[in-house]
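Report on the structure
In case you want the letters, here they are:
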Amino acid sequence: MNRYYWILGAFAALVVLLAVGLNLNPREVPSPLVGKPAPAFRLAVLGQADKTIGPEDMKGKVWLLNVWASWCVSCRQEHPVLVDFSRRGNGTPIVGLNYKELRGDGAIDMRRVPAEQEVPMALERAAGWLKEHGDPYLLTAMDIDGRVGIDYGVYGVPETYVIDKAGIIRMKHTGPVSPQVLNEKILPLVAELNK
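Residues numbered from 1 in each chain as written. Predicted model: local features only at pLDDT ≥ 70, side-chain atom pairs only at ≥ 80, totals over all residues. Heavy atoms only, no water.

Short version of the rule: UniProt positions are given in the numbering used here, feature names are shortened, and annotations may be inferred rather than shown by experiment.
Looking at an unreviewed UniProt entry, one finds the protein named Cytochrome c biogenesis protein CcmG/thiol:disulfide interchange protein DsbE, with Azonexus fungiphilus as its source organism. Regarding the protein, the relevant UniProt record gives this comment under Sequence similarities (unreviewed entry): "Belongs to the thioredoxin family. DsbE subfamily." UniProt lists a comment for the protein under the heading Subcellular location (unreviewed entry), and it reads "Cell envelope".

Here it is, written out as structure tokens:
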């Protein structure tokens, strides 16, 4: 009889854990980077062959780092929101991080792309996509091989980070930025950080 109570108790605990898990928002994945300095990088800037950018260039400003790619379906969903945000001119710069432009596209067999053609192809695709859909970014850094994305804990695009004036990550949003997320989470945080 005692054995049945143990089985029943274990089953009840499993049901409780499942219920809790199903009520969590998968878009709100906690990041160990929140509250820590943004990982350093120095990457080429799209469309400006002689220029590079890194987080230290943005010190003294509250800014957004938006991880995107032209092959990303969810990026198409959030892109009009970012374009509108940048056109409103609220003074908060968005830096784009183009993530694995060719390597992340499942439709491209990288074994058939000569190494010397990867960078020019990635630059052309990213620039063409921004020309077609609008460019909300102050600059776009090209993370061709995805190494910077690894440092930031990117596991899918799009992802958006709010970084404060001291270069500390204050928020990570996984998934597309919707008007609701922008107005209820990102903009209030940006306003608070700009005080």
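Quick notes on the side chain of Glu159
Put simply, the rule reads: Each helix is a run of DSSP H or I of at least 4 residues and each strand a run of E of at least 2, with the numbering of both proceeding from the N terminus. Remark: exposure states derive from per-residue accessible area (1.4 Å probe, protein chains only) relative to the maximum for the residue type, with buried under 20%, exposed over 50%, and partly exposed in between. Here a polar contact is taken to be a pair of N or O atoms separated by no more than 3.5 Å, where protein atoms must pair a possible hydrogen donor with a possible acceptor and residues adjacent in sequence count only if both atoms sit in side chains. Working rule for contacts: check all heavy atoms of both residues, and any pair within 4.5 Å makes them a contact.
With respect to the helices and strands, Glu159 occurs in strand β6 (residues 159–163). The class of Glu159 is buried, set by a relative accessible area of 0%. Within the local environment of Glu159, its side chain forms a polar contact with the side chain of Tyr161, the two groups lying 3.0 Å apart. Setting aside chain neighbours within four positions, we find Glu159 in contact with Leu65, Asn66, Val67, Gly153, Val154, Lys172, His173 and Thr174.

Brief notes about the environment of Pro93
Topologically, Pro93 is positioned in the loop between α2 (73–87) and β4 (94–99). Along the sequence, Pro93 and Leu138 sit 45 residues apart, while their C-alpha atoms lie 6.0 Å from each other. Setting aside its immediate chain neighbours within four residues, Pro93 contacts Met58, Lys61, Val62, Trp63, Leu64 and Leu138.

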